[in-house]
Amino acid sequence: MASIARCVRAARPSVLSTISKPIAATSRPVFYRPTQRCFSATPISEVRKYTKDHEWIDLHADNKTAVIGISEYAAEALGDVVYVELPEEGATVAQGDSIGAVESVKSASDINAPVSLRIVQSNVELEEKPAKINRVPEDDAAGGGWLARVEVDEQGLKEFEGLLDLEAYKEFTATLHE
Amino acid sequence: MLLSPSRLRGLGSRVPPCSSFRPFTAAAAAAASPTSKPQVYLSRSRNPYLNLSVEHHLLQTTPPDSTVLFLYTNRPCVVIGRNQNPWLEVNLPLLSSLTARTKPGDHEPAPTTIDLVRRRSGGGTVFHDPGNVNYSVICPPESFDRDKHAEMVVRALRGLGVPGARVNARHDIVVDVDVDVDVSESDGNHGANTFKISGSAYKLTRLRSLHHGTCLLSSPNLGSIGPLLRSPAEPFIKARGVESVRSPVRNVGVGNGEFEDAVVAEFAKMYGDPDVFCEVGDEAGAVDGVEKGMKELLSRDWIYGQTPLFSFSTYPTEDDPRERPSLPSDFHLSFEARHGQLSKFTFVNASSAGHVDIPSSSSSSPLDGSRIYDVEDWTDALRSYGGTVNSQAETAGRWLNGLFGTGHAKTQLR
């Protein structure tokens, strides 16, 4: 996904303003687990992380299941998405591997795995309604533009720690406009 | 220093054609050096599967910061986009029966069949033949721009005396011609004065961006393209994925060699003299990555099986309420296909269809699970269906053969 977003010189200044808004999709439940200690001191379940290739990943409180998708920045830069090639359910891939693709403006763009993961369930609604990727790319609820529900292992968890938080991702995308 | 076209042509012939491994080892060596210079490859193969695989190999293996130009010309073929439906885009029965001309002014059809190819980039369906030269530029994502290299080709064309060439809003190259000018070469679109001569498509990966485009120079087949790209199954198919946009086309009237020289010269103006400049032939098919790519492009699972979900129905449905053309007999036939695999296949007498709920989804059809591209003859397939509608299997089967064709297996033989 790096390709499109980084290079289509996003002539639309609205990209940044969209990104600097708080992430809209807050419908996901927050898990309170008072009797259990999390792996890390900060509960990462409430942090969405981003890659420089413009994918996002929401790791759930169980530190095992997660949801992935493409960022609003990428969705904006891609232009009208006309088809989404969904990840193959059951596939196990390494960080950075291509797991699917989207087509927009005659371009087939790879979507890469933000961390090492296994695809549990693809968002089949995107097959019928690819434009959801443009409208609500960061919504991980039913009806949203999320790409897949996945499982991560120890390796994936380690990689997750290395990804960008929202602030860092915003700073990163701001540099792409120069 | 800018190289003149003639100088480049000289360079091209002075450099011996690359042996199969040279272009790619050269690229690998360049990858190791901190500064990667521009690379130019000219294919002398006419095999579309090979050329697209060499292109894909260059996309995957050339240095991340290099810019690569690849020029190739294919034997006659129909090339559909990555997310398109061949049964919707192409008249497959016509495709398997037709032969194409290979030389301009060649009035006797040469015994050349027309290949069906699915490329890896997005976009719509195009026709290639030896009168069409394809250009391809691979560059780092940071410098990607959808029009930049179409503009490069436009400058090349203008230099060759095609002043009307320009890039349009769809990132294609068109020529504006005076309506009084002879339009006999056009695709039967008399009166139109803007003609498409080149179509663009893109493949974007994490590390590299690819823009490739056709350029119609002297195709002797323009009259055949229209019918070939009109599927008789179109009124019955509701497809996901990407549909083509039709445009009247025209030849530029420039020689292949002249065009190649001019494009290379414009490329060198933008990026400097090429560091690697070689010819690629059929022997490139022996290179591991190319061989693997060809195997994929030639597989029926790629050509047909990569098709996005679509539905087919002989009567108006909620999903696709269009009126349908009349059928040869009184039946209702419908199915869905994901990756070319049939599901919810129903085939009933139209008279009974009015009374019975049409999709008998509980009782699965004998055809469910079959692949459309494995069905060699629909009359046989429908006979296995049984029931009272059996008497119509012959008629309906022949009708379906006429929509979908029966030549699916042929593509694999090449």
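Here the structure is a predicted model, which means the values were calculated and not measured.

Novice: Honestly, the overall build of chain A in this entry has me stumped. Any pointers?
Specialist: Tallying secondary structure elements over chain A gives seven helices and nine strands in all. Taken over 178 residues, chain A has a buried fraction of 52%. Taken as a whole, chain A presents about 8200 Å² of accessible surface, with 53% of it coming from carbon and sulfur.

Novice: Mind showing me how you'd approach the nonpolar core here?
Specialist: Buried together is how nonpolar side chains tend to be arranged in soluble globular proteins. Residues and elements named next belong to chain B. In terms of nonpolar packing, the biggest core is built from 72 residues, with V78, F312, F335, F345, W378 and F404 touching the most fellow members. Here this core spans two domains, and each of domain 1 (5–303) and domain 2 (310–407) adds at least three residues to it. The residues contacting W378, other than those within four sequence positions of it, are L342, F345, L367, I372, G397, L400, N401 and F404. Counting 31 residues, the second-largest nonpolar core is a separate cluster that includes V154, V162, V177 and F277.

Novice: Please clarify how the interface of chain A and chain B should be interpreted in this entry.
Specialist: The interface is formed by 24 residues belonging to chain A together with 29 residues belonging to chain B. Surface buried jointly by chain A and chain B totals about 2300 Å² across both partners, of which 45% is contributed by carbon and sulfur atoms. Our count for the chain A to chain B interface comes out at six salt bridges. The shortest N-O distance in the salt bridge between R240(B) and E128(A) comes to 3.0 Å. There are 15 residue pairs in polar contact (both at pLDDT 80 or more) connecting chain A and chain B. Of all the elements in the fold, those that place two or more residues in the side of chain A that touches chain B are α1 (2–7), β4 (81–85), β6 (98–104), β7 (107–112) and α4 (125–128) of chain A. When the residues that make up the side of chain A that touches chain B are grouped by side-chain class, the tally is nine nonpolar, six polar and nine charged. Pairing analysis gives three bridges linking β7(A) to strand β12 (residues 200–204) of chain B, with the strands arranged parallel. Bridge pairing links S107(A) to Y202(B) in β12(B).

Novice: Please explain helix α8 (residues 256–271) of chain B as it appears in this structure.
Specialist: Three or four residues apart is the spacing at which side chains of an α-helix point the same way, because the helix has 3.6 residues per turn. Residue and element names in this part refer to chain B. Between the first and last C-alpha of α8 there are 22 Å, a value that for 16 residues agrees with the 22 Å anticipated at 1.5 Å per step. Those residues of α8 that sit buried are F259, E260, D261, A262, V263, V264, A265, E266, F267 and A268. Just downstream of α8, G272 is the residue with a positive phi angle, here 95°.

Novice: Which parts of the structure should I look at to understand the layout of surface pockets?
Specialist: Empty pockets left among the atoms are what a rolling probe the size of a water molecule brings to light. By volume, the largest pocket is sized at about 1300 Å³. Looking at the lining of the largest pocket, the elements that each hand over two or more residues are β4, β6, β7 and β8 (117–122) of chain A together with α3 (48–61), α9 (288–298) and α10 (300–303) of chain B. Grouping the amino acids of the lining of the largest pocket by side-chain chemistry returns 14 nonpolar, 17 polar and 15 charged. In this structure, the second largest pocket spans a volume of roughly 570 Å³. Forming the boundary of the second largest pocket are 27 residues, of which T125(B), L229(B), V245(B), R246(B) and S247(B) lie nearest the centre. Secondary-structure elements contributing two or more residues to the lining of the second largest pocket are α4 (86–89), β7 (126–128), β11 (194–198) and α7 (222–228) of chain B. Among the elements that take part in the lining of the second largest pocket, β11(B) stands out by supplying three residues, more than any other. Tallied by class, the residues present in the lining of the second largest pocket amount to 10 nonpolar, 10 polar and seven charged.

Novice: Would you mind going over the UniProt feature "modified residue: N6-lipoyllysine" (unreviewed entry) in chain A with me for this structure?
Specialist: The residues that UniProt annotates with the feature "modified residue: N6-lipoyllysine" (unreviewed entry) are K106(A). Overall, the relative accessible area of 11% leaves K106(A) in the buried class. One polar contact links the side chain of K106(A) to the main-chain carbonyl oxygen of R170(B), over a distance of 2.7 Å.

Novice: How do you make sense of the sheet that holds β6(A) when you look at a structure like this?
Specialist: Note: strands within a sheet are paired through backbone hydrogen bonds, in either parallel or antiparallel orientation. The strand order across the open sheet formed by nine strands is β4(A)-β6(A)-β7(A)-β12(B)-β13(B)-β8(B)-β2(B)-β1(B)-β15(B), and the pairing between neighbours is mixed. The open sheet is flanked by β4 of chain A together with β15 (276–280) of chain B, the only strands paired with a single partner. The sheet shows a mean angle of 15° between the axes of neighbouring strands, direction not considered. Taken together, the five bridges between strand β8 (residues 133–139) of chain B and strand β13 (residues 209–213) of chain B define a ladder with antiparallel strand orientation. Within β13(B), the residue paired with I138(B) across the bridge is L210(B). Contacts from α3(B) reach β1 (39–43), β2 (68–73), β8, β12, β13 and β15 of chain B within the one sheet, and its direction differs from that of β2(B) by about 175°. Running at roughly 135° to β8(B), helix α6 (residues 148–159) of chain B makes contact with β2, β8 and β13 of chain B of the sheet.

Novice: Any chance you could explain the environment of S107(A) here in plain terms?
Specialist: Turning to its location among the elements, S107(A) is positioned in strand β7. We classify S107(A) as buried; its relative accessible area is 0%. Considering only alpha carbons, one finds S107(A) and V81(A), 26 residues apart in sequence, at a separation of 9.5 Å. For S107(A), the residues in contact, after removing those within four places along its chain, are V102(A), G122(B), R146(B), Y202(B) and L204(B). Here the side chain of S107(A) touches R146(B) through a polar contact of 2.9 Å, side chain to side chain.

Novice: Can you help me understand empty space enclosed by the protein in this one?
Specialist: Residues and elements named next belong to chain B. Per the counting criterion, the structure on display carries one cavity of 30 Å³ or more. Approximately 90 Å³ is the volume attributed to the largest cavity. For the largest cavity, the full set of lining residues is L52, E55, H56, L59, R119, R120, S121, K203, L210, H212 and L297. The element that contributes the greatest number of residues to the lining of the largest cavity is α3, accounting for four residues. Residue classes in the lining of the largest cavity are distributed as four nonpolar, three polar and four charged.

Novice: Looking at this model, I keep getting lost on the sheet that holds strand β10 (residues 173–176) of chain B. Mind explaining?
Specialist: All names here are of chain B. As summarised here, the arrangement of the three strands in space is β9-β10-β11, forming an open sheet in which the pairing is antiparallel. With partners counted over all chains shown, the strands left at the sheet margins are β9 (165–167) and β11, one partner each. Put simply, the sheet's adjacent strands are angled 40° from each other on average, direction ignored. Of the strand pairs in this sheet, β9 and β10 are connected by three bridges, and their pairing is antiparallel. Paired with V167 across the strands is I173, a residue of β10. Here α6 sits on the sheet in contact with β9, β10 and β11, set at roughly 175° to β9.

How each quantity is defined
- Residues numbered from 1 in each chain as written.
- Chains lettered and ligands numbered in written order.
- Predicted model: local features only at pLDDT ≥ 70, side-chain atom pairs only at ≥ 80, totals over all residues.
- Heavy atoms only, no water.
- Helix = DSSP H or I, 4+ residues; strand = E, 2+ residues; numbered from the N terminus.
- Buried < 20%, exposed > 50% of the residue type's maximum accessible area, 1.4 Å probe, protein only.
- Areas by Shrake-Rupley, 256 points an atom, 1.4 Å probe, with all protein chains shown as cover.
- Core = buried A, V, L, I, M, F, W, Y, C linked by side-chain atoms within 4.5 Å.
- Domains from an automatic or database assignment.
- Contact = heavy atoms within 4.5 Å.
- Buried area = accessible area lost by both parts, 1.4 Å probe.
- Salt bridge = Lys/Arg side-chain N within 4 Å of Asp/Glu carboxyl O.
- Polar contact = N/O pair within 3.5 Å; in protein donor to acceptor, adjacent residues only side chain to side chain.
- Nonpolar A, V, L, I, M, F, W, Y, C, P; charged D, E, K, R; others polar.
- Pairing = 2+ DSSP bridges.
- Expected span 1.5 Å × (residues − 1).
- 1 Å grid on protein atoms, 1.4 Å probe; cavity = no way out; pocket = protein on both sides within 12 Å on 5 of 7 lines; lining within 4 Å.
- Points joined across faces, edges and corners; volume = space filled by probe spheres on them.
- UniProt positions renumbered as here; feature names shortened; annotations may be inferred.
- Axes fitted to C-alpha atoms, helices over the stretch in contact; angles between N-to-C directions.

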